[in-house]
Amino acid sequence: MGNARSLISLLLKLAFVVALFGFMILQKQEKPRILVIQSGGGDTLWTRSLEEGITRILVPRTAMVIRHHAMNLNESPDPTLPQTATSIALQMVKDWSPDIVMLFDDPAQKLVGTRLLNHPHIRIVYGGVNGRPEDYGYDKAPNVTGVLERKPLAALRDALVFIARARGFNLDDKAAARPRLLWLTDSSDSASADFSDVDHFDWEPLEWLPPRRVDNFPAWQITVEAAHQEADLLLVTDYSQLRTEPGSDRYVTPPALIMRWTEDHARIPVVGGSTGIAADGGMLGIAASGIAQGERAARKALALIRGEKKPDDMPPEIPRNLAVGMRKAQAIRRHLAFPALYEAFARQTEGFYE
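This one's a predicted model, so the numbers in the text were calculated from it and none came from an experiment.

Chemist: Please clarify how the overall build of the protein should be interpreted in this entry.
Modeler: Looking only at helices and strands, the protein has 11 helices and 13 strands in total. Expressed as lengths along the three principal axes of its C-alpha atoms, the size of the protein is roughly 100 × 50 × 40 Å. In the protein, which comprises 354 residues, the share counted as buried stands at 47%. Sequence separation of at least 24 residues holds for 71% of the intrachain contacts in the protein that already meet a minimum separation of 6.

So this is what it looks like as structure tokens:
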């Protein structure tokens, strides 16, 4: 009799667990679904910043299910990688049927976003986009909204002007020689999307030289080592997609190797326009805040999930939040004493390095 009771008790407990598990699955299936797709991947400062911004807004709201997927397009220049990564991402969209797909950085827009335009059941929220919405057909699609990323060119110019003055340039004398600025970047999609804005910006009182775009590390090294012959300042933005040599199917990894080499071999000051430059060994980097990009995009997704707004009600926005990275040892090596505000801001954004 005792065994029978024990068996009945065990069966009842199992039945309860099965019922509870089934209820949880049902509840999970009924919750709104958000699929976050990153163009890149790996443990980069930019990717971590985006994820932190998304987490701050969406994770405290439990009435939704969130999945994350990295396309890892920054890992290799293999020409077959984009097609493979696109197929995997689109299959995930098809299998999971998310309510919202959040796409970050320009490659994901081109490869995935353009294939979801005007989708009857999926809304797109983009972030970290250096290009224009019309580049991807987003301006005419009613199911799309998002956040644009723009490099803080005025802030970069101010930092470069400060360095020029510290190095003896008299910028108040219109007849005096102007500091010459050379922009060096890789040939990534992000650099291509930024190119027009950076090249057409008013860099006065600096003299803007023809930009250099290279796709491999040897070409980068040649440009850096010769930069002092034509320029007084070097602006570096994207450098994470440099082939190990011309025609190679591999990128230089980690990108910190490139930045450390650049600082060691450049005979003129180097300022960066990416969030990770100081973390990678550079002296100073000023960039758009990845956290702000993630937060703003997540707020738009949240408004859509709650039914508060439609994509058409939320035009593209450009956050003005900055991230500053500073490595004090490199500044000292260059005999530069930046205003205390730079260090304070870098510490505030966890981008200060001794």
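Chemist: Please explain the packing of helix 2 (residues 45–58) against helix 9 (residues 290–305) as it appears in this structure.
Modeler: Interhelical geometry of helix 2 versus helix 9 gives an angle of 35 degrees and a closest axis separation of 7 Å. In this structure, helix 2 meets helix 9 at a crossing whose hand is right-handed. Counting all contacts with helix 2, which are made through W46, S49, L50, E52, G53, I54, R56, I57 and L58, the residues of helix 9 involved are G290, I291, Q293, G294, E295, A298, R299 and L302.

Chemist: Would you take a moment to explain the pattern of salt bridges for this structure?
Modeler: Between side chains of opposite charge, a pair can form when the charged atoms approach closely. With the rule as written, the count across this model stands at 19 salt bridges. Residue D197 is joined to R150 by a salt bridge in which the shortest nitrogen-to-oxygen separation is 3.6 Å. Highlighted residues: D197 in helix 6 (residues 189–199) and R150 in the loop between strand 5 (144–148) and helix 5 (153–166), separated in sequence by 47 residues. Residue D197 is classed as partly exposed on the basis of its relative accessible area, which comes to 37%. Here E263 and R333 are joined by a salt bridge, their closest N and O atoms 3.4 Å apart. Highlighted residues: E263 in helix 8 (residues 256–265) and R333 in helix 10 (residues 328–333), separated in sequence by 70 residues. Looking at R333, the relative accessible area reads 40%, which means it is partly exposed. The network of salt bridges with common partners includes E52, R56 and E295.

Chemist: Got a minute to help me understand helix 8 in this structure?
Modeler: Among all positions in helix 8, only A256, I258, M259, W261, T262 and E263 are buried. Those residues of helix 8 that are buried are in contact with helix 7 (217–226), strand 9 (233–236), strand 10 (270–272) and helix 10.

Chemist: I tried to follow unusual backbone geometry on my own but got confused; where do I start?
Modeler: The linkage connecting E204 with the following residue, P205, adopts the cis geometry, with an omega of 10 degrees. Within the secondary structure layout, P205 lies in the loop between helix 6 and strand 7 (207–208). Backbone torsion omega between T253 and P254 reads -10 degrees, so that peptide bond is classified as cis. In this fold, P254 is placed in the loop between strand 9 and helix 8. The phi torsion at S97 lies on the positive side, around 50 degrees, for a residue other than glycine.

What counts and how
- Residues numbered from 1 in each chain as written.
- Predicted model: local features only at pLDDT ≥ 70, side-chain atom pairs only at ≥ 80, totals over all residues.
- Heavy atoms only, no water.
- Helix = DSSP H or I, 4+ residues; strand = E, 2+ residues; numbered from the N terminus.
- Buried < 20%, exposed > 50% of the residue type's maximum accessible area, 1.4 Å probe, protein only.
- Contact = heavy atoms within 4.5 Å.
- Axes fitted to C-alpha atoms, helices over the stretch in contact; angles between N-to-C directions.
- Left-handed = near helix turned anticlockwise from the far one by under 90°.
- Salt bridge = Lys/Arg side-chain N within 4 Å of Asp/Glu carboxyl O.

In short, geometric facts, not functional conclusions.
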